[in-house]
Amino acid sequence: MKGVNFPIQAKIFISYLAIVICLGISLFIVNGQMKNLQAEIDVISNHDMAVHELANQIQKNMLDMETGMRGFMITGDEQYLEPYQISSRSWQDNYNRLYALLKDNPDQQQALEQMRPLILSWIANTGEFVIQNKRENNETALQQYFAQNTGKNAMDDIRSQMSSLVAKEKNLTADRVAKLNQSNENVLYIWYVIAGGVTLISFAMSLFLSSSIVRTIRQVVRTIKDISKSDTGVDLSARIHVQSKDELRDLAEATNDLLSSLEKQSWIQRSLTEISTLYQGITDIGDLSKAVITVLAPKLQAAYGIVYLRKNAGNETVFVRVADYALAHQNTTDTFRVGEGLVGQCALDRRIFLFDNLPEDYLKVTSGLGEAVPRNLVVAPITVEGRVEAVIEFASFQPFEASHLTLLDLLQDKFGQAILNVLGRMEVERLLSESQVMTEELQTQSEELQTQSEELQMQQEQLRITNEFLEEQNLFAEQRATELKKTRDELADYARKLQASSQYKTDFLANMSHELRTPLNSILILSQMLMENHQGEGEEKEVEEYSRVIFRAGQDLLRLIDDILDLSKIEAGKIEILTDEVNVSEIPQSMQSMFEPIAAKKQLAFGVEMHPDTPSVLLTDGQRLHQILKNLLSNACKFTEKGSVTLRIEPAHPDRVRELLPQLQEEQVLSFSVIDTGIGIPCDKQEIIFDAFQQVDGTTNRQYGGTGLGLSICREFTRLLGGALSVESEPEKGSTFTLYIPNRTERQAQQQAAEQTAAEEVAAGGSQLLEEIESEKDLVVHIADSVPLHEQLFQGKHVLLVDDDARNVYALVTALERKGVRVEVAENGKQAVDLLLEDRSYDLVLMDIMMPIMDGYQAMKAIREDLGMTDMPIIALTAKAMKNEREKCMEAGASDYIMKPLNIDQLFSLMRVWLTK
Amino acid sequence: MDISIIEASEEVYADRESFADDERQQIEINLLLEGIYQMYGYDFRGYVRSSLRRRILNRMKAERLPTITALLEKVLHEEGVLERLLNDLSIRMTEMFRDPSFFAAFRKQVVPLLRGLPEIRIWHAGCATGEEVYSMAILMHEEGLDEKTRIYGTDMNEKAIAAAKKGAFALKQMQQYTKNYLEAGGSKAFSEYYTTDHQYAYFHPDLGENMMFAQHNLVTDGSFNEFHVILCRNVLIYFDQDLQQHVHRLMHNSLSDGGFLGLGSKESILFAPDRVYYEDFIPQEKVYRKQAVQK
C-alpha cells in the first residue's frame, strides 16, 4: 500500500463492496443449485408422471381390448367391440409417446420394445382371431382356442411386463425423489457454507480495517501520551511516525507541525528561563554578561560572541565590551560610540541587524587545529524602558534561524532587566556593605568604649587596692622614692653623656642626608613619573622638563658626592700624602690666574702678598696644599659681595705656632692667610663652620648655596699635612682664614698613621649613609601597583602643598593630581597661611620646612595658634630626619612628617592615614 | 578583699529578691566558669567578676538564651559556642605605643642596658591583636637592635593571635598611633613602616621577621622560655589577687636575672610574691628590674 494514497473512506468502501460481492456470488451459486433442483422436480413431475400415465394408458388399452373382445365374443354384439377398436388404435400412439419419453433410459426402452411384439401378437392371435371366428361363428375354433388359452397367457405376460416396467419406472422416480432430497440438502449445506464464508470474510475485513485504522490512531495517541508523560514534562522533540498514507498521516503531520512549532516556542521559553536563572546570585555586571553569552552562544550555534554594555564616558555614551565568547585577540574594537560601526548603529536604530555571507576576511574563528570564517553575523540591541542598555553580537557558521532571532528579540527585555537589576543590586550591595561597615564600626566603637570604660574601672579598682597597700607601706615607699630619684638622676646624667658622645655622628648624618636628599628627591619623583609615564600622554616638553630638572639635580648630587668622597677618604685614611718639594714662589701666580677672573666678575679686588722672608721651597703635598688654598679662596669669593680678597703668604709667627701646633716648635712653618671683606662669621659659629655641611647661616632659609663641605675638607687636608687652620672674623667686616703648613718630616708622617684609626669611625658613618641611600633607591623601584579602590580616598580631596622648590612642586603636583587630588600650591609659609585664611576647607597640608620669608615651623605654628586650626592634618616634609628636626616639627604642630627624598608610595600611604575621617 | 563584697557595694539593692537573683547569677557564673575549666581547661575562675559578668550576659543575649545555665548547657554540648564566649571574655583594649611615655622611657632607659646582650628576648604576655608587639619591633628596629631581638607575643585568644600575625590595623586608628609614635620618641617617620589601602595599614613584613605569635594561657600554661623583657600591661587588672600572684610567679620564673618587667600604668608589683627580688627601675612607668639572686 506504500506510495499510494489510500484513505480510510476507500478502505471502508472497498470492504463493504467485497462483502456485497461475496453475497452476490453466493446468491448466484445458490440460484444455480435451485435451478437444478427445479429441473429435477420438473423431470419428476412431467416425465415420470407422463411415463406412469402412458404405461397405465397402455395397460388400460390392453384391458379395454380384452374386455371388448370378451364382450363381443360372449354376446357377439358389435357394440362391445367399440372399446376394443378405440384402444387398438390408441395404444400404438401411447406406446410411441412412452417410447419417446423413455429414450433417456435404454433399458426401459428395450423392455418396452419387448412388449410390443407381445401386444401385437395378442392383437393378431387373440383379438382379431377371436373376433374373426365369432363373426364367422366358428365356435369350435373358439372352443379350441380358449381351450388352449394362449391369449390369456399372452395377456398375462404383457401385464407382468408392463407392471415390471411401471415398477421400474416407479423405482426410478423414487430414486429421483431421493436424489432430489439429497440435492435439496446439498443446497442447504452449500448455503450454510457460503453464509459462513461470507461472514468470515466480512469479519476478517472488518478486523483488518478496524485494526489498521485503530492501530494508527493508537500510535498517534500513544505518541501524544508519551509526549505529555515524558520525564521532563513535555517532550517536544518527539515526533509521530505513521506508516500509512491516510488522513491519520495528515493528522500526525499536522500534530508534528504543531509540535515543532511548540518545540521552537518551548526552546525559546526554555532558553529565556535558563538565561533568566543565570541572573540569580550574580552581582557583577561583567560576570552576568559573561554567563549570558556563554549560555547564549551555543544556543545560537554561534562561533563567537561579544556583549557591549552602555557606559557613560563624560558626556558621551559609549558601548564597551564587557564579555566575549571564544574570541581570539584579533582586531576587535573595544568601544563604540552611538552610531559608530554596526554596534553603534544597532544601539541607535534599536533593531536587530542580520548579515549573511560575510566576506572571507571579516573575522576568523581560531582553534588549536585551525581557523575558519563565520559567514553569518547578527547584532542585537538590548533595550529596556526605551533605552539601549547593551548590544550583543554573534557570528556563526550556519545561518541564524528565525527562532534564534525571536530568542534574541525576547531576550531584550529579560537581559536588559537583568542588567538593570544587577546594576541596581551592585549599587544596593555597595550601599549595604557601606552601611554594614558603618554598623560594624559603630558596634566596634561602642564595644571599644565599653571595654575602655571597663578597663578604666578595673584600673581604678586596682589603683584603689594599690593605694591601700601603699598607705600601709608609706614609709618604705618614701624611702624607696628617694633612692629611686638618685638612681634616676644618675641614669639621666648617663643618658646625657651618651647623647653628647653620639652628637657629632648624628649631626653629620643629619646634615649629609639633608644635602643628599634634596636633589635626590626631585630625581626620584621625576624619574618615577617618567617611568610610569606609559600611557603615552607625556608630551615631549614635559619629558624634556623632567630630564632637565633631573640633570640639574644629578649635577648637584655629583658635586656633593665628590666632596663627600674626598671627606670620607680623608677620614678613612685612604688619602696618601705625597711629600715633595713645593715651590712656594709659584703659588701666587697660579692662584691669581685662577681667581682673578672670578673676583673681577663680582667686582672684587684680588691680590697676593708674599713676605720677603718666605722660603721658596716647602716640603709638603703640593696638590693638597693647592686644594686647600683653592677652597679657601673660592669660599672667600663666594661670601664677599664687595671689597677685596687677599692671599698673604709669610713665615708663621712662632707664638701662633706654639699655640696651634705645640709639637712643631723647631720646624719651619709657613702661614697662608686668606683675607676677605665679606659677611663674616659670628664668634659662636667660628668653630662649627669646619664641621661638615655647616654654614654660618645654618638655618633653614639661608641665602648661599653650596654643600658646606669645603671647609671640612680643608681642615682634614690641613690635618693630614700636619698643619692647622684658624679663623678670625667679625660679622659684616670680613674673615681671615689662616693656614699653617709645616715642613713635612718622617716623624710627622708616622704620627699621622695613628690618627687614621680614629678617622675610620667617622668614615663608617659615611658609608653607612651611602648604603642607606642605596636601599632607599630600591624602595623607590619597588613601587606597588596602586589599586583603584585605594585611590578612592584621594578622589576630590583638597590638598595644600607648601614648597618653594619649583622642581619639587612640579613633581608632587603632577603625582598628586594623577590620583585625583586637587592641589593648591603656596611658595612659602606666608602664602600658605594666607590661603588657609581664605579657605579653611583643605583636607591636608603638605608643608616643606626650608622656605624663604616664613619657614615651615613658623607657618605650622601660625596655622595652629593664629588660625586655630588644630585638627587640620599637616604633614611636614623634612630633609633632615634627626631628633631636633622631628621635635621642632612636633613642637610647631605637625601631625606627621615624612622625609625627603619622598618615596611617593610612602607619601600616599601616609596621606591615606590622614585623609581617613 | 572579697570580690563579692566589692560587687555588693557597687550596687544598691532595692530588695531581697533582687539580691537573691544576683546571688543566683553569681552561682550560675561560678558553675559556668567551673564547667568551662573542667571541660576545656580554660580557667577564668580567677578573673574579676564585674567584667566577666557583663561579657557573659552579652554572650547570653547574643545566643538568645534566657539564663547563664542555658549558656553553660550550650557551651558543654554545642560546638562553636565556647569559641565565641572565649572570644568575648578575652577582648582587651590595646593600641600602638599605648602610653607613649612608657615607650619613651623604655627607649631611653631600658634599651641602653639591653644593648650589650648577645640576644634580646621580649615577651608580650597577653598581646591581644599585637599592636604593642609591632610597637616594640619598631622601637627595637630604630635602636638598631632588631637583628638580635626576638619578640614573643602570646594571648589566650586565638582570633586575636591570628589578627596579630597579619599586622594590619584599621586606618582610622592610625592617626592616634602616629601621635603615640611621635610622643614615644620615634626617630623616623611612622609612615616608613606601613603601606595602606583604603581600609587598613599593613606593617612591613620585615618587622615581623623577629616576631613570634602563639596561643598561651597565663592562667593555665607555664613558662616557655627565659626573657630579658616581659611586658604584661593591663592584663592583671582583670585577675583577682590569687591569680595575679600566680601570673607574677610565672613571669618571675620566666625573667632572666637583670631582666625587665613592664606593667600597665595602674598595675603594680606590690602584690607579687617575689616583689623583693625586683628593683623599681622606672616607677612612674611601672618598669621593674629583676635583681640577680644573691646566694
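Calculation notes
Residues numbered from 1 in each chain as written. Chains lettered and ligands numbered in written order. Predicted model: local features only at pLDDT ≥ 70, side-chain atom pairs only at ≥ 80, totals over all residues. Heavy atoms only, no water. Helix = DSSP H or I, 4+ residues; strand = E, 2+ residues; numbered from the N terminus. Buried < 20%, exposed > 50% of the residue type's maximum accessible area, 1.4 Å probe, protein only. Contact = heavy atoms within 4.5 Å. Areas by Shrake-Rupley, 256 points an atom, 1.4 Å probe, with all protein chains shown as cover. Buried area = accessible area lost by both parts, 1.4 Å probe. Salt bridge = Lys/Arg side-chain N within 4 Å of Asp/Glu carboxyl O. Polar contact = N/O pair within 3.5 Å; in protein donor to acceptor, adjacent residues only side chain to side chain. Nonpolar A, V, L, I, M, F, W, Y, C, P; charged D, E, K, R; others polar. Core = buried A, V, L, I, M, F, W, Y, C linked by side-chain atoms within 4.5 Å. pLDDT = per-residue confidence, 0-100. Axes fitted to C-alpha atoms, helices over the stretch in contact; angles between N-to-C directions. Parallel < 35°, antiparallel > 145°, perpendicular 65-115°, else oblique. Left-handed = near helix turned anticlockwise from the far one by under 90°. Pairing = 2+ DSSP bridges. Phe/Tyr/Trp six-rings, centres within 6.5 Å; stacked < 30°, edge-to-face > 60°. Patch = residues over 30% accessible without salt bridge, like charges linked within 9 Å, V, L, I, M, F, W, Y side chains within 5 Å. Expected span 1.5 Å × (residues − 1).

Caption draft 1: How the structure looks around the overall build of chain B. Helix and strand counts for chain B stand at 11 helices and 10 strands. Within chain B, the proportion of its 295 residues that are buried is 58%. Long-range pairs, those at least 24 residues apart, make up 74% of the contacts in chain B with a sequence separation of at least 6. Only carbon and sulfur atoms are counted for the fraction: they give 48% of the accessible area of chain B, which is about 12,700 Å².

Caption draft 2: Here's a closer look at the overall build of chain A. Broken down by element type, chain A carries 23 helices and 20 strands. For chain A, buried positions account for 43% of its 917 residues. Considering only intrachain contacts with a sequence separation of at least 6, the fraction spanning at least 24 residues in chain A is 70%. In the structure as shown, chain A presents an accessible area of about 49,200 Å², 53% of it carried by carbon and sulfur atoms.

Caption draft 3: Quick peek at the interface of chain A and chain B. Counting residues at the interface gives 45 residues for chain A and 51 residues for chain B. Summing both sides of the interface, chain A and chain B together bury roughly 4,500 Å²; the carbon and sulfur share of this comes to 57%. Looking only at chain A, the three residues that lose the most surface to chain B are Glu 455, Gln 462 and Val 913 of chain A, adding up to 13% of its buried area. At the boundary of chain A with chain B, the tally comes to 4 salt bridges. Notably, a salt bridge pairs Arg 54 of chain B with Glu 454 of chain A, separated by 2.5 Å at the nearest N-O pair. Viewed at the interface, chain B and chain A are joined by 11 residue pairs in polar contact (both at pLDDT 80 or more). At the level of elements, helix H9 (402-472), helix H10 (474-501), helix H18 (788-791), helix H22 (883-892), strand E20 (896-899) and helix H23 (904-915) of chain A are the ones that each hand at least two residues to the side of chain A that touches chain B. For the side of chain A that touches chain B, the leading source of residues is H9 of chain A, giving 21 residues. Here the side of chain A that touches chain B is built from residues that sort into 18 nonpolar, 14 polar and 13 charged.

Caption draft 4: Main features of the nonpolar core. Ranked by size, the top nonpolar core spans 154 residues in total, and within it Phe 672 of chain A together with Phe 190 and Phe 203 of chain B carry the most contacts. If sequence neighbours within four positions are ignored, Phe 672 of chain A has contacts with Ile 587, Leu 625, Leu 629, Leu 647, Arg 648, Ile 649, Phe 737, Thr 738, Leu 739 and Ile 741 of chain A. Val 81, Ala 125, Met 156 and Ala 272 of chain B belong to the second-largest nonpolar core, a separate cluster that totals 49 residues.

Caption draft 5: Fine view of the confidence of the model for chain B. All names here are of chain B. When pLDDT is averaged across chain B, the result is 86; 93% of the residues are at 70 or more. For the stretch residues 1-10, pLDDT sits under 50, and the model shows 13 contacts to residues farther than four places along the chain or on other chains. With a pTM of 0.43, the predicted complex shows an ipTM of 0.73.

Caption draft 6: Main features of the environment of Ile 68 of chain B. Residues and elements named next belong to chain B. The residue Ile 68 is located in helix H4 (residues 68-77) in this model. Note: C-alpha distance between Ile 68 and Gln 25 (43 residues apart in sequence) is 7.4 Å. Sequence-distant contacts of Ile 68, that is, excluding residues within four places in its chain, are made with Gln 25, Glu 28, Ile 29, Leu 32, Ile 56, Leu 57 and Met 60.

Caption draft 7: Seen up close, the packing of helix H13 (residues 587-601) of chain A against helix H14 (residues 622-639) of chain A. Residue and element names in this part refer to chain A. The interhelical angle for the contact between H13 and H14, taken along N-to-C directions, is 30°, at an axis separation of 11 Å. By the criterion of interaxial angle, the relationship of H13 to H14 is roughly parallel. Where H13 crosses over H14, the two elements pack in a sense that is right-handed. Side by side, H13 and H14 meet where Ile 587, Ser 590, Met 591, Met 594, Phe 595 and Ile 598 of the first sit next to Leu 625, His 626, Leu 629, Lys 630, Leu 633, Ser 634 and Cys 637 of the second.

Caption draft 8: A look at the sheet that holds strand E13 (residues 669-676) of chain A. Residue and element names in this part refer to chain A. Pairing in this open sheet of 5 strands is mixed, and the strands run E10-E12-E13-E15-E14 from one edge to the other. The open sheet is flanked by strand E10 (605-610) and strand E14 (724-730), the only strands paired with a single partner. This sheet shows a mean twist of 15° between the axes of neighbouring strands, independent of strand direction. For E13 and strand E15 (residues 734-742), the ladder comprises 7 bridges, and the chain directions are antiparallel.

Caption draft 9: Region of the structure containing the environment of Asn 186 of chain A. Relative to the elements of secondary structure, Asn 186 of chain A occurs in helix H5 (residues 150-229). When its relative accessible area of 36% is taken as the criterion, Asn 186 of chain A is described as partly exposed.

Caption draft 10: Structural context of the sheet that holds strand E4 (residues 194-196) of chain B. Residue and element names in this part refer to chain B. Taken together, the 3 strands give an open sheet; going across it, the order is E3-E5-E4, and neighbouring strands pair in antiparallel fashion. Lying at the two open borders of the sheet, with one neighbouring strand each, are strand E3 (168-170) and E4. Taking each pair of neighbouring strands and ignoring which way they run, the sheet shows an average axis angle of 30°. As defined by bridge partners, E3 adjoins strand E5 (residues 200-203) across 3 bridges and the pair is classed as antiparallel. Bridge assignment links Ala 170 to a residue of E5, and that residue is Tyr 200.

Caption draft 11: Structural view of the packing of aromatic side chains. Residues and elements named next belong to chain A. According to the stated counting rule, one finds 30 aromatic pairs over all chains in the structure shown. Between Trp 91 and Tyr 95, the ring centres sit 6.0 Å apart and the planes meet at 65°, which makes this aromatic pair edge-to-face. In this pair, Trp 91 and Tyr 95 both sit in helix H2 (residues 81-101), 4 residues apart, roughly one turn of the helix. Tyr 95 carries the same exposure label as Trp 91, and that label is buried.

Caption draft 12: Region of interest: the pattern of salt bridges. Evaluation of the coordinates by the stated rule reveals 37 salt bridges over all chains. Among the ionic pairs, Lys 830 of chain A bridges to Asp 834 of chain A, the shortest N-O distance being 3.3 Å. In this pair, Lys 830 of chain A and Asp 834 of chain A are both assigned in helix H20 (residues 829-838), 4 residues apart and thus about one turn of the helix distant. Since its relative accessible area comes to 41%, Lys 830 of chain A is described here as partly exposed. Via salt bridges that share partners, Arg 59, Glu 63, Lys 74, Glu 78, Arg 84 and Asp 88 of chain B belong to a single interconnected network.

Caption draft 13: Structural context of a nonpolar patch on the surface. Residues Phe 13, Ile 14, Leu 17, Ile 21, Ile 25, Phe 28 and Ile 29 of chain A make up a contiguous nonpolar surface patch of roughly 720 Å² in combined accessible area. Relative to the assigned elements, Phe 28 of chain A resides in helix H1 (residues 8-75).

Caption draft 14: Molecular detail of the pairing of strand E8 (residues 387-396) of chain A. Residue and element names in this part refer to chain A. Of all 10 residues making up E8, 9 are buried, and the element is well covered by its neighbours. Here strand E7 (residues 376-384) runs beside E8; their pairing, made up of 9 bridges, is antiparallel. Within E8, the position partnered with Pro 381 by the bridge is Val 391. Counted along the chain from E7 to the antiparallel partner E8, the turn is 2 residues long, and its residue Glu 385 has a positive phi close to 45°.

Caption draft 15: Local environment of the confidence of the model for chain A. All names here are of chain A. For chain A, per-residue confidence averages 78 on the pLDDT scale, and residues scoring 70 or more make up 87% of the total. Predicted confidence is poor over residues 697-703, with pLDDT under 50, and the contacts of this stretch with residues over four places away or in other chains come to 11 contacts. Contacts from residues 753-787, a stretch scored under 50 in pLDDT, to residues over four places away or in other chains number 39 contacts.

Caption draft 16: Structural context of the environment of Ile 293 of chain A. Residue and element names in this part refer to chain A. Turning to its location among the elements, Ile 293 is positioned in helix H7 (residues 285-299). Sequence spacing of Ile 293 and Tyr 304 is 11 residues, and the spatial spacing of their C-alpha atoms is 9.2 Å. Discounting residues that sit within four places of it in the chain, Ile 293 has contacts with Pro 298, Gly 305, Ile 306, Val 307, Ala 323, Asp 324, Tyr 325 and Phe 394.

Caption draft 17: Seen up close, helix H19 (residues 806-818) of chain A. End to end, H19 of chain A covers 18 Å across 13 residues, agreeing with the expected 18 Å (1.5 Å per residue, within 8%). Listing the buried residues of H19 of chain A in full gives Arg 807, Asn 808, Val 809, Ala 811, Leu 812, Val 813, Thr 814, Ala 815 and Leu 816 of chain A.

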